[in-house]
Amino acid sequence: MKNKQPVWVSFLGLSLLASACNKDDGDMNMPSSPTITIENVLDSRPLVESGTFKNTGSSPVIMPGESISIRFSAGKGQAVSFATMYGWSNDLFFAPANPGIKVYKDDGTPIEGDVSGQIMLWDNGTRINQAPGASVTHPGTAETTAKNVTAVNGTDSQGNTYAPASSLMKASLHYNGNSIFTLTITNTSGGTSNPTPFSPGVWAVSYAAGGNLLSPNPLYESGKPSANGLTNIAEMGDNSVLGNYIQGQTGIFTPLSPILVVVYNGIDNPIYQTGEKDRGQGLKKLAQTGDAGELAAYLKTVKGVKNVYVLPAPNTTVLLPKSGMQAGGKVSQQLSITSGDRIAIATMYGLSNDWFFASKGNGTDASQAGDISGSVGLFDDGTAADQYPGAGISQANFGGTPQSENKNIMEVPNPNAFTTLPAIPNIIKVTLQ
């Protein structure tokens, strides 16, 4: 069966209609009308993973015949990029063309084997090139006017010649399963006309949302000036500055799916209970794809449930996180409540396999006012095997098919097996006014 894209992925232009389903209740005495507001307050980052690398031997430099390995997670459309200095040069560096080395075929099959053909040699544009070799002067003479980063295709701006990058460096991919790859970089320059060590370097994987990479040029940009510490690598083999920069660009990014809000009285939280398996009432669909429709329809039939709402953000189906100066998504709904009513919410952690935010325990007293974000937790529905959030081929964001599992609903630990999350109130904010 052909996979369907999740309804919450607004990047792909899908839409979801809001539903506000009010059950009859002839017993509503002295009703009030507070407004619930849900916001995505996550201060998002564009890189899902990044890091530095060096030789683990007596020297951090990678000499001819030596190699290093990078382990990372990725989903369809994501790529891994890296940068390392051509050691016996003034300011040349190796890197794949942006956005990096492709790790899946178009059909979602992992790519394995030699990917050296994707590696290129680049001129940082900040030093006048000398003939490459052990006698090159470091850091060398600066360019009168710094130039843009440009590819070195056989010869540089001074007419010096170079063997193809793929003959100096071998890059190979191995798929470890569960969307985890190992990239091995080997210095094969020995015996060529351009023997050279490689410096310690950096690597990065960008988030993808709706098929678009959030950082398609994570380490450098061809035709633009070198930035963020790349010059330190290209001129001196120092990866600390760019390493610190990309660390600051690495973290969490996730939208929130349309928000399910339930008002109920005289019953326990009707959405879920921790320690139990998914009830088959629609929570699985919400947790895996962000579609709250099935669960909302079921809840309308439950005795004690008074009102059910599914709240999309204006002009979109998801609440996006903050990005730079752009505020995160926000949605509000006026409620109708009476004494003793309780409120519970649920929404998908968009870039996951089956994680969802929800009111903890038996929800929240509807008569409360103010910030109630502390009543919200992050839970694993137990119906799909987890992968690195935002970098798993079977996640809905990548149009994937979940790998089924059958576990109890549990709160997601923090830190967890994949990453460390911000405190929940720093991701989702819920207020009652």
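The structure displayed is predicted, hence computed values, not measured ones.

Conventions used here
- Residues numbered from 1 in each chain as written.
- Predicted model: local features only at pLDDT ≥ 70, side-chain atom pairs only at ≥ 80, totals over all residues.
- Heavy atoms only, no water.
- Helix = DSSP H or I, 4+ residues; strand = E, 2+ residues; numbered from the N terminus.
- Buried < 20%, exposed > 50% of the residue type's maximum accessible area, 1.4 Å probe, protein only.
- Contact = heavy atoms within 4.5 Å.
- Salt bridge = Lys/Arg side-chain N within 4 Å of Asp/Glu carboxyl O.
- Pairing = 2+ DSSP bridges.
- Core = buried A, V, L, I, M, F, W, Y, C linked by side-chain atoms within 4.5 Å.
- Arc of directions from axis to C-beta.
- 1 Å grid on protein atoms, 1.4 Å probe; cavity = no way out; pocket = protein on both sides within 12 Å on 5 of 7 lines; lining within 4 Å.
- Points joined across faces, edges and corners; volume = space filled by probe spheres on them.
- Nonpolar A, V, L, I, M, F, W, Y, C, P; charged D, E, K, R; others polar.
- Phe/Tyr/Trp six-rings, centres within 6.5 Å; stacked < 30°, edge-to-face > 60°.

**Looking at the side chain of T364**
Topologically, T364 is positioned in strand 21 (residues 364-365). Classification of T364 as buried rests on a relative accessible area of 4%. The contact partners of T364, leaving out residues within four places of it in the chain, are D341, R342, I343, I372 and S375.

**As for the pattern of salt bridges**
When the charged atoms of two side chains lie near each other, side chains of opposite charge can form a pair. Considering all chains together, one arrives at 9 salt bridges under this definition. In this structure, the salt-bridge partner of D341 is K306, at a minimum N-O distance of 2.8 Å. Taken together, the residues D341 in the loop between strand 18 (330-334) and strand 19 (342-348) and K306 in strand 17 (residues 305-311) connect sequence positions 35 residues apart.

**Brief notes about the sheet that holds strand 11 (residues 169-177)**
By definition, the strands of a sheet pair up through backbone hydrogen bonds, in either a parallel or an antiparallel sense. Sheet architecture is open: 4 strands sit in the order 4-12-11-8, paired in antiparallel fashion. Taken across any chain shown, the strands that pair with only one partner, and hence form the sheet edges, are strand 4 (67-73) and strand 8 (113-114). Relative to strand 12 (residues 180-187), strand 11 runs antiparallel, the two being bridged by 8 bridges. Counterpart to S172 in the pairing with strand 12 is T184.

**Quick word on the nonpolar core**
Core analysis: the biggest nonpolar cluster contains 71 residues, and I38, F72, L183 and V261 have the highest contact counts within it. V261 has contacts with I36, I38, N307, V308, Y309, L311, L335, I343, A344 and I345, leaving out every residue within four places of it along the chain. Listed in part, the 22 residues of the second largest apolar core include Y272, L283, V305 and V310.

**Quick look at helix 3 (residues 240-248)**
For helix 3, every residue scored as buried is listed here: L242, G243 and I246. End-on view of helix 3: buried residues confined to an arc of 105 degrees, all on one side of the axis. Counted as exposed and oriented over 90 degrees from the buried face of helix 3: N244 and Q247. Those residues of helix 3 hidden inside the fold are in contact with strand 3 (47-53), strand 13 (201-206) and helix 2 (230-236).

**Regarding the pairing of strand 17**
Within strand 17, 7 of the 7 residues are buried, which leaves the element mostly enclosed by the surrounding structure. As judged from the 6 bridges shared by strand 16 (residues 259-264) and strand 17, these two strands associate in the antiparallel manner. Pairing of Y264 across the sheet is with V305, part of strand 17.

**Side note on the sheet that holds strand 2 (residues 35-40)**
Spatially, 4 strands are ordered 18-2-25-22 in an open sheet, and the strand pairing comes out antiparallel. Where the open sheet ends on each side, the last strands, each with one partner, are strand 18 and strand 22 (370-371). Relative to strand 25 (residues 428-432), strand 2 is paired through 5 bridges, and the arrangement is antiparallel. Residue pairing in the sheet places E39 in a bridge with K429 of strand 25.

**Re the layout of surface pockets**
Quantified by volume, the second largest pocket comes out at close to 220 Å³. Lining the second largest pocket are 18 residues, with N217, P218, L219, N228 and Y245 positioned closest to its centre. Of the residues belonging to the lining of the second largest pocket, the class tally is 11 nonpolar, 5 polar and 2 charged.

**Some details on the packing of aromatic side chains**
Summed over all chains, the structure comprises 15 aromatic pairs. Between Y207 and F253 the ring centres are 5.8 Å apart and the planes differ by 45 degrees, which places this aromatic pair in the tilted class. Remark: F253 occurs in the loop between helix 3 and strand 16 and Y207 occurs in the loop between strand 13 and strand 14 (208-209); sequence separation between them is 46 residues. There is no split in this pair, since Y207 and F253 are both buried. A connected cluster of aromatic rings, assembled from ring pairs, spans F72, Y104, Y175 and F181.

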